[in-house]
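Each chain, letter by letter, is given below.
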4 protein chains.
Amino acid sequence: MLNRVILIGRLTRDPEMRYTPAGVAVTQFTLAVDRPFSGGGQGGEREREADFIPIVTWRQLAETCANYLRKGRLTAVEGRIQVRNYENNEGKRVYVTEVIADNVRFLESGNRDNGPRDEGAPSYSGGGNNSYSGGGQGGFGGGGGNSQGGGRTGGTPRNDNRDPFSDDGRPIDISEDDLPF
Amino acid sequence: MLNRVILIGRLTRDPEMRYTPAGVAVTQFTLAVDRPFSGGGQGGEREREADFIPIVTWRQLAETCANYLRKGRLTAVEGRIQVRNYENNEGKRVYVTEVIADNVRFLESGNRDNGPRDEGAPSYSGGGNNSYSGGGQGGFGGGGGNSQGGGRTGGTPRNDNRDPFSDDGRPIDISEDDLPF
Amino acid sequence: MLNRVILIGRLTRDPEMRYTPAGVAVTQFTLAVDRPFSGGGQGGEREREADFIPIVTWRQLAETCANYLRKGRLTAVEGRIQVRNYENNEGKRVYVTEVIADNVRFLESGNRDNGPRDEGAPSYSGGGNNSYSGGGQGGFGGGGGNSQGGGRTGGTPRNDNRDPFSDDGRPIDISEDDLPF
Amino acid sequence: MLNRVILIGRLTRDPEMRYTPAGVAVTQFTLAVDRPFSGGGQGGEREREADFIPIVTWRQLAETCANYLRKGRLTAVEGRIQVRNYENNEGKRVYVTEVIADNVRFLESGNRDNGPRDEGAPSYSGGGNNSYSGGGQGGFGGGGGNSQGGGRTGGTPRNDNRDPFSDDGRPIDISEDDLPF
DNA sequence: TTTT
DNA sequence: TTTT
């Protein structure tokens, strides 16, 4: 079947990267995607103006996102909808819908203070040989820096070198003990 | 921002149509969209092979879907991701992610017994007069029957003759606030 | 059938607006969309790195594009592929492929000198009554200014930048089973 | 940048497969994609009802398409727009726009007489180990047979048993420079 | 809870 | 030049 999603929105927070026990990088963030007709037409009031859509990226793409995306940045995401479900502590089945991204395009240059300097942002940061991702698919490149899924974990899992106390207050120093699996 | 989804999958059940208190038709169904590499590659076993994605349609498109879609039918859906949330009876916030469809394409002719005869399936069942609508965007038409969002309720609200109480457990808490237009 | 295109690229020149004899606005411009892997991988040289894709917009959207887009601006376009053909002066049939846009998102604020000031750029600039476009489709709005064919005038874009998923107690239970590859 | 196209339409003819001098398989076909509102609304007459969009596939995907697609078949294509140009024999620059497909989904089973039997149609015919493609992206699988770009020539290059001289008039001037990877 |  |  076919399952394709394209979003443009802004990160609600800095992305969060983890490693699975097997050492695979996973980065999650939420994209705030403004709805059309925000404001509600003729003068009506609408409570919600945006959809907050959880994004998940894996491997090389996860690392690039963790390194170059920041809260508030305008970002394009291409991927597919995934619906997971699990049983919660009350024995109730909970459904989680996320977009598994295979392409992420950084639409804003990012003159912020934290994170790698923007000049360092890769115009293309694709993967290695086994790259599973959309290379030929409509990928990225050029201007504002960009990133594609691709490649095995490949070589160099880089550290998250941001100040763990910056910005959102939540500690980013996660050990694998914190992983829920 | 931009928010676009295109899916091809099969209905897990017959669609369910309701009317809002204001008389607006809403139809919901779930699309089973097979994941790539189902089967798990070299011989691995994967328990789940598909994503089950809830689809919501409104107005004329809702009626056409209720009339012509049936369980198992191969169907293309175009729309946007919407994330609603509400407080459940335990005071906990629940997030519901759905695809609000503005285009639905019937990819299978449907020789089944229930529902209107397939010959009756509209090659195009769009909306009102000036509506170029969702429609306009990548619309449907031709071969197997097709339907576009757009237009006023238009014409003939036909009855949903299935059991209105045959819920699937999940609350159908769609209010007119969810009307995307 | 279904026909949907989403592009992000930069204008190669200022847009050109015309009016049809019937007084309908048409605006054309070309989007330079960088190809993936520009540069040619390991050190290869490739002469051309982008596809130059002609875009056509109509009516209200045409006017907004003519007013707010300028050469070099990063722009997202949503629409459909149209293939026209005509007989040229040598009696030869010529095929012209264009993207008929129904949604255009201005991804850069535009501090340039010509054109209306950027502060004037509409966060949403929907169309008039004959609007044929994707109003309900997952359009645009917000951030950098944006435009959709069709729709209501739109109103008071409010900012909701909070993440409803922040610290909501939902476990981040992504396991390696979720690896899509 | 981002460049993504999704089409559903019918093949106007059987696909044509070639090999480049380097032995890379290339398959081309044209998709007839019905326009929305064919017929022209209120009673108007419209001469053209569809867009005829040239599709190009490479490598393993090319071979699968050549083997399993046939004239008239309803087909979904995912890919990107590519604009090539060359100087023709009169020294004039000619622009050719094609969709480079990385995912092709066979929406009809195909009970026709020619080509491999439908039972032989692969539910997934992805590539080999190095496959960079669509794979993870929202690919295909299941029901009606399906195919993704990816992988080396892989496996079993089957023969093209159609007349190699049955051209359609348009020069097939695709060189390996057009290889998108 | 699920489709082929 | 075109598909159903």
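This one's a predicted model, so the numbers in the text were calculated from it and none came from an experiment.

Rules of the game
Residues numbered from 1 in each chain as written. Chains lettered and ligands numbered in written order. Predicted model: local features only at pLDDT ≥ 70, side-chain atom pairs only at ≥ 80, totals over all residues. Heavy atoms only, no water. Buried < 20%, exposed > 50% of the residue type's maximum accessible area, 1.4 Å probe, protein only. Helix = DSSP H or I, 4+ residues; strand = E, 2+ residues; numbered from the N terminus. Pairing = 2+ DSSP bridges. Salt bridge = Lys/Arg side-chain N within 4 Å of Asp/Glu carboxyl O. Phe/Tyr/Trp six-rings, centres within 6.5 Å; stacked < 30°, edge-to-face > 60°.

J.: In this structure, what is going on with the pairing of strand β6 (residues 93-106) of chain A? I would like to understand it.
T.: Residue and element names in this part refer to chain A. Within β6, twelve of the 14 residues are buried, which leaves it mostly tucked inside the rest of the structure. Here two bridges tie strand β4 (residues 50-58) to β6, and the two strands are oriented parallel to one another. Bridge pairing links V56 to I100 in β6. Pairing analysis gives 13 bridges linking strand β5 (residues 74-87) to β6, with the strands arranged antiparallel. Following the sheet pairing, N85 is matched in β6 by Y95. The hairpin formed by β5 and β6 contains five residues between the paired strands, and G91 there has a positive phi angle of roughly 75°.

J.: Is there a simple way to think about the pattern of salt bridges in this case?
T.: Think of it this way: side chains of opposite charge can pair up when their charged atoms draw near. Residues and elements named next belong to chain B. In this structure the tally under the stated criterion is 40 salt bridges over all chains. Among the ionic pairs, E108 bridges to R10, the shortest N-O distance being 3.1 Å. With E108 in the loop between β6 (93-106) and α2 (133-136) and R10 in strand β1 (residues 2-11), the pair connects residues that are 98 residues apart, well separated along the chain. Residue R10 is classed as partly exposed on the basis of its relative accessible area of 24%.

J.: Whenever I open this one, the pairing of strand β1 (residues 2-11) of chain C confuses me. Can you help?
T.: Each regular strand displays side chains that alternate between the two surfaces of the sheet. Counted residue by residue, β1 of chain C has nine buried out of ten residues, so it is predominantly covered. As paired strands, β1 of chain C and strand β1 (residues 2-11) of chain D are joined by seven bridges and run antiparallel to one another. Along β1 of chain D, the bridge assignment pairs L2 of chain C with I8 of chain D. For β1 of chain C and strand β5 (residues 74-87) of chain C, the ladder comprises six bridges, and the chain directions are antiparallel. What sits directly across from L7 of chain C, in β5 of chain C, is V77 of chain C. Examined bridge by bridge, β1 of chain C and strand β3 (residues 25-34) of chain C share two bridges and lie antiparallel to one another. Residue pairing across strands places L11 of chain C opposite L31 of chain C, the latter belonging to β3 of chain C.

J.: Please clarify how the packing of aromatic side chains should be interpreted in this entry.
T.: Given two aromatic rings, one states the distance between the centres and the angle between the planes to describe the pair. Residue and element names in this part refer to chain D. Applying the stated criterion across every chain, the model contains four aromatic pairs over all chains. With 6.4 Å between their ring centres and 40° between their planes, Y68 and F106 make a pair best called tilted. In this pair, Y68 sits in helix α1 (residues 59-68) while F106 sits in strand β6 (residues 93-106), placing the two residues 38 residues apart along the sequence. Side by side, Y68 and F106 carry an identical accessibility label, which is buried.

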